[in-house]
Amino acid sequence: MKKQNVRTLSLILCMFSYLLVGAAVFDTLESESENSRRRVLEQKRNEMKKKYRFSEDDYREIERVVLQAEPHRAGRQWKFAGSFYFAITVITTIGYGHAAPGTDAGKVFCMFYAVLGIPLTLVMFQSLGERMNTFVRYLLHKMKQCLGCRCTEVSMENMVLVGFLSCIGTLCVGAAAFSHFEGWSFFHAYYYCFITLTTIGFGDFVALQKKEDLQEKTPYVAFSFMYILVGLTVIGAFLNLVVLRFLTMNTEDERRDAQERASLKRDRGEQSRGSHRERNRSNAVHSRSHSTLLLPMEEGTSRTNLIASPAEDQLRQRIEMGKRWLKKKYI
Amino acid sequence: MKRQNARTLALIISILTYLVVGAAVFETLESKQEKSHKRKLDARKYELMRKYNLTKENFEELEHVVLQLKPHKAGIQWKFSGSFYFAITVITTIGYGHAAPSTDSGKVFCMFYALLGIPLTLVMFQSLGERINTFVRYLLHQAKKCLGMRHAEVSMANMVTVGFFSCMSTLCVGAMAFSHCEGWSFLHAFYYCFITLTTIGFGDYVALQRDDALQNDPRYVAFCFVYILTGLTVVGAFLNLVVLRFLTMNTEDERRDAKQRALTSVGKPRGEVAHLLPISASTSSTPVADDSTKAKDLKGVYTEVLHFQTICSCLWYRSKEKLRGSIPTMIPQELTFSDAYMQQNSNCPHYVEPGSTGCVCSPHQCSSISSITSGLHILSPFRVFKRRSSV
């Protein structure tokens, strides 16, 4: 079976087993606690119902009012600061849900906003992350030179170590800050930073939700926004370093296969039809490869690059140039 | 300014502008409704408080209980199916929050679980998405051939159109199913599918939260899980087609810059024998192996340059035998170089026994170069020395 297919199948199997294992562990860790808490809360609820003599309908009404008023408890969510916070949670796909558009127009705009915003944000974070990695690599190189290390080249291990430590450092800084400002324990604040910066964003812990923080504590609001964006950049840089190459594995393999098929065809064509006709064919292929929108299926190339791979085109160009020059000079 | 830096700066500015514009629009759309909604709820709340003679503290206590009971109202969240649902929301980063680990050990495990699961999921969806794109491309090609079209090639525009329509239909199918099963309006169900499949996952609408569906309705539960995972695959395939290339733009540019820098600096030490041929630097510094991704550092580039020289080496080798009797003294430098290279490469994987074809390059290593060897074999071997030494 082709390498890409084997890889894809094994990844699917891995993911399913991972989900099953995770589900089993979460069940073990949370189920009992859930049951006991539920019993306690239901007991309390029944006590209160008896104490205040609520009718069933009225109790349901109270429930509805309380649940709907939940976002309002944290203050005005849709003034500019709150809307900016919300916009961040949309395009970074964090999506706490502490505030969600109530109007239908808001929902529709939210969808269009996300369609353009999410790819833009992905590209931005990867772009900035790559710049950061390059800069860090340069700094490490200079440091190694200063320290008089034998080998001043920056290895992948160095970069991964530095990246990992920056991620942990970012999480700890955030944890310290939010545990102070929000009154959470350090562990809960760390958990909040982790869930935010991995863009999971449960919403069980949300910053800037203490009464009127969004409107009054402007420096804290600015800090929170900066922290989220900078933290996502640091994580994005680490992902760019470690994970991004794996996202293009199948595409690269497919490209390599296509080139091998094309070159084998060309070799066979050489032997059977003679070099003269083959040269014409290779020229035709060469000219077609310049058209950036076409995916010539005959060649078996499944390249999807909008931007033609420069190395291959340059290589072909130079070969042709070299051939022509040599022919001119020596024939 | 370097291209990558300009690009990154432009992206940062566009994101910040996009956020400001979005915030302004959301404020316009939602602020008024928020105020009126809050007023209505407050009014209702005070009515109820008056009716039952509740003090503020009493009501707050009641609020507290009701809010804490909220996840429990939706059913048992942490039995196996609920945990599986939760695990999906973690590793896909959807993160509804309809259920979140309450124990500290649950939180810790959640963090480690996400640390390994999220990259695994990203790679899996991109891998599967690429396979789907390749398959769709094949189908489209066959379809075009069957329809007897002039151009049977599948263009990028075709692929993007098909991808976009698959995304829209996935959303619509989900919207219909969930509006029927959850009792939402079509727009709200579409909004739910969209927010889920973009992995934003607000949690304002969450499936499987009505009537203890997680425990009672296994078929609907299975449908939801399958829908979320296939929907994410379809969206992932579309992203793989359209967005992925932009994520590697800076890295590719940086690689190209490094290669150019390396090649121009490698070319210099050979200057003493570069007096012969005025071939332009660009021709002689051709990156040879198409697996140019391997040439990340100077070592790799140097290997590439040497590899390029093998073309001439192989021709030189053939001609070496012819010249054995004639003028060996004219070419002492090239000879030593070439001999050293041959020795060095005798352990290389692509080294071919000299006796076989007289050529060192194997077709798999320099597929595009084979055309040059065929073209050059007609040239006089002696003159080829000069060409190689210019590199």
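Residues numbered from 1 in each chain as written. Chains lettered and ligands numbered in written order. Predicted model: local features only at pLDDT ≥ 70, side-chain atom pairs only at ≥ 80, totals over all residues. Heavy atoms only, no water.

Quick look at the overall build of chain A
- When helices and strands are counted, chain A shows 12 helices and 0 strands.
- Of the regular secondary structure in chain A, the N- to C-terminal order runs α-α-α-α-α-α-α-α-α-α-α-α.
- Long-range pairs, those at least 24 residues apart, make up 60% of the contacts in chain A between residues at least 6 apart in sequence.
- As displayed, chain A has an accessible area near 16000 Å², and 63% of this comes from carbon and sulfur atoms. (Helix = DSSP H or I, 4+ residues; strand = E, 2+ residues; numbered from the N terminus. Contact = heavy atoms within 4.5 Å. Areas by Shrake-Rupley, 256 points an atom, 1.4 Å probe, with all protein chains shown as cover.)

Some points on the domain arrangement of chain A
- The domain architecture assigned to chain A consists of domain 1 (34-72) and domain 2 (125-264).
- Centre-to-centre, using C-alpha coordinates, domain 1 of chain A lies 42 Å away from domain 2 of chain A. (Domains from an automatic or database assignment.)

Quick notes on the UniProt feature "domain: Potassium channel" (unreviewed entry) in chain A
Residues and elements named next belong to chain A.
- UniProt's feature table lists "domain: Potassium channel" (unreviewed entry) at residues 76-132 and 168-243, given in the numbering used throughout.
- As a span, residues 76-132 carries 72% helix and 0% strand, and end to end its C-alpha atoms are 36 Å apart.
- Across residues 168-243 one finds 74% helix and 0% strand; the C-alpha atoms that close the span lie 17 Å apart. (UniProt positions renumbered as here; feature names shortened; annotations may be inferred.)

A short note on unusual backbone geometry
- Of note in this structure, Thr93(A) is not a glycine but carries a positive phi near 60 degrees.
- Counting through the fold element by element, Thr93(A) comes out in the loop between α3 (80-91) and α4 (104-146).
- In this structure, Thr199(B) is a non-glycine residue whose phi angle is positive, near 60 degrees.
- Checked against the element boundaries, Thr199(B) lands in the loop between α6 (186-197) and α7 (213-216).

Description of the environment of Met321(A)
All names here are of chain A.
- For Met321, the position within the fold is in helix α12 (residues 310-330).
- Residue classification places Met321 among the partly exposed residues on the basis of a relative accessible area of 38%.
- Along the primary structure Met321 and Lys142 are separated by 179 residues, whereas in three dimensions their C-alpha atoms are 40 Å apart. (Buried < 20%, exposed > 50% of the residue type's maximum accessible area, 1.4 Å probe, protein only.)

What about the interface of chain A and chain B?
- Each side of the interface is counted separately: chain A has 155 residues, and chain B has 155 residues.
- Summed over both sides, the interface of chain A with chain B buries roughly 14800 Å², with 71% coming from carbon and sulfur.
- A per-residue breakdown of the area chain A buries against chain B is headed by Tyr18(A), Phe26(A) and Phe202(A), which together make up 5% of the total.
- Taken together, the connections running from chain A to chain B amount to 8 salt bridges.
- For Arg76(A), the salt bridge is made with Glu34(B), and the minimal N-O distance between the two is 3.4 Å.
- Linking chain A with chain B are 41 residue pairs in polar contact (both at pLDDT 80 or more).
- Sort the elements by how many residues they give to the side of chain A that touches chain B and helix α1 (residues 3-52) of chain A lands first, with 31 residues.
- Partitioning the side of chain A that touches chain B into residue classes produces 82 nonpolar, 38 polar and 35 charged. (Buried area = accessible area lost by both parts, 1.4 Å probe. Salt bridge = Lys/Arg side-chain N within 4 Å of Asp/Glu carboxyl O. Polar contact = N/O pair within 3.5 Å; in protein donor to acceptor, adjacent residues only side chain to side chain. Nonpolar A, V, L, I, M, F, W, Y, C, P; charged D, E, K, R; others polar.)

Observations concerning the UniProt feature "domain: Potassium channel" (unreviewed entry) in chain B
- Per the UniProt record, "domain: Potassium channel" (unreviewed entry) is found at residues 77-132 and 171-243 of chain B.
- Between the end C-alpha atoms of residues 77-132 of chain B the distance is 34 Å, and the span holds 73% helix and 0% strand.

Digging into the UniProt feature "signal peptide" (unreviewed entry) in chain A
- With numbering aligned to this structure, UniProt lists the feature "signal peptide" (unreviewed entry) at residues 1-24 of chain A.
- With 92% helix and 0% strand, residues 1-24 of chain A has end C-alpha atoms that lie 33 Å from one another.

Focus: the confidence of the model for chain B
Residue and element names in this part refer to chain B.
- Across chain B, pLDDT averages 76, with 68% of residues at or above 70.
- Long-range and interchain partners of residues 270-292, a stretch whose pLDDT sits below 50, account for 53 contacts in this model, where long-range means more than four residues apart.
- Segment residues 302-321: pLDDT under 50, and 61 contacts once partners within four positions in sequence are set aside and those in other chains are kept. (pLDDT = per-residue confidence, 0-100.)

Re the state of the cysteines
- Using the criterion set out here, one finds 0 disulfides over all chains in the structure.
- A disulfide-free cysteine, Cys224(B) has its sulfur positioned 7.3 Å from the sulfur of Cys181(B), the nearest such atom. (Disulfide = S-S within 2.5 Å.)

Details of the pattern of salt bridges
Residues and elements named next belong to chain A.
- Throughout the structure, instances matching the rule amount to 25 salt bridges over all chains.
- Residue Glu56 is joined to Lys49 by a salt bridge in which the shortest nitrogen-to-oxygen separation is 2.9 Å.
- On the accessibility criterion, Glu56 (44% relative accessible area) is partly exposed.

Here we look at the confidence of the model for chain A
All names here are of chain A.
- Per-residue confidence for chain A gives a mean pLDDT of 84, with 87% of residues at or over 70.
- Taking the mean pLDDT of every element in chain A, the minimum, 52, falls on helix α11 (residues 275-290) and the maximum, 96, on helix α6 (residues 186-197).
- The low-confidence segment residues 285-309, where pLDDT is below 50, has 58 contacts with residues more than four positions distant or belonging to other chains.

Brief notes about the packing of α4(A) against α6(B)
- With their axes 11 Å apart at the nearest point, α4(A) and α6(B) run at an angle of 30 degrees to one another. Considered as vectors, α4(A) and α6(B) are oriented roughly parallel to each other. Read as a crossing pair, α4(A) and α6(B) show a hand that is left-handed. Seen from α4(A), the contacting residues are Asp104(A), Lys107(A), Val108(A), Cys110(A), Met111(A), Ala114(A) and Val115(A); seen from α6(B), they are Leu187(B), His188(B), Phe190(B), Tyr191(B), Phe194(B) and Ile195(B).
- Split into classes, the residues belonging to the contact of α4(A) with α6(B) amount to 10 nonpolar, 1 polar and 2 charged. (Axes fitted to C-alpha atoms, helices over the stretch in contact; angles between N-to-C directions. Parallel < 35°, antiparallel > 145°, perpendicular 65-115°, else oblique. Left-handed = near helix turned anticlockwise from the far one by under 90°.)

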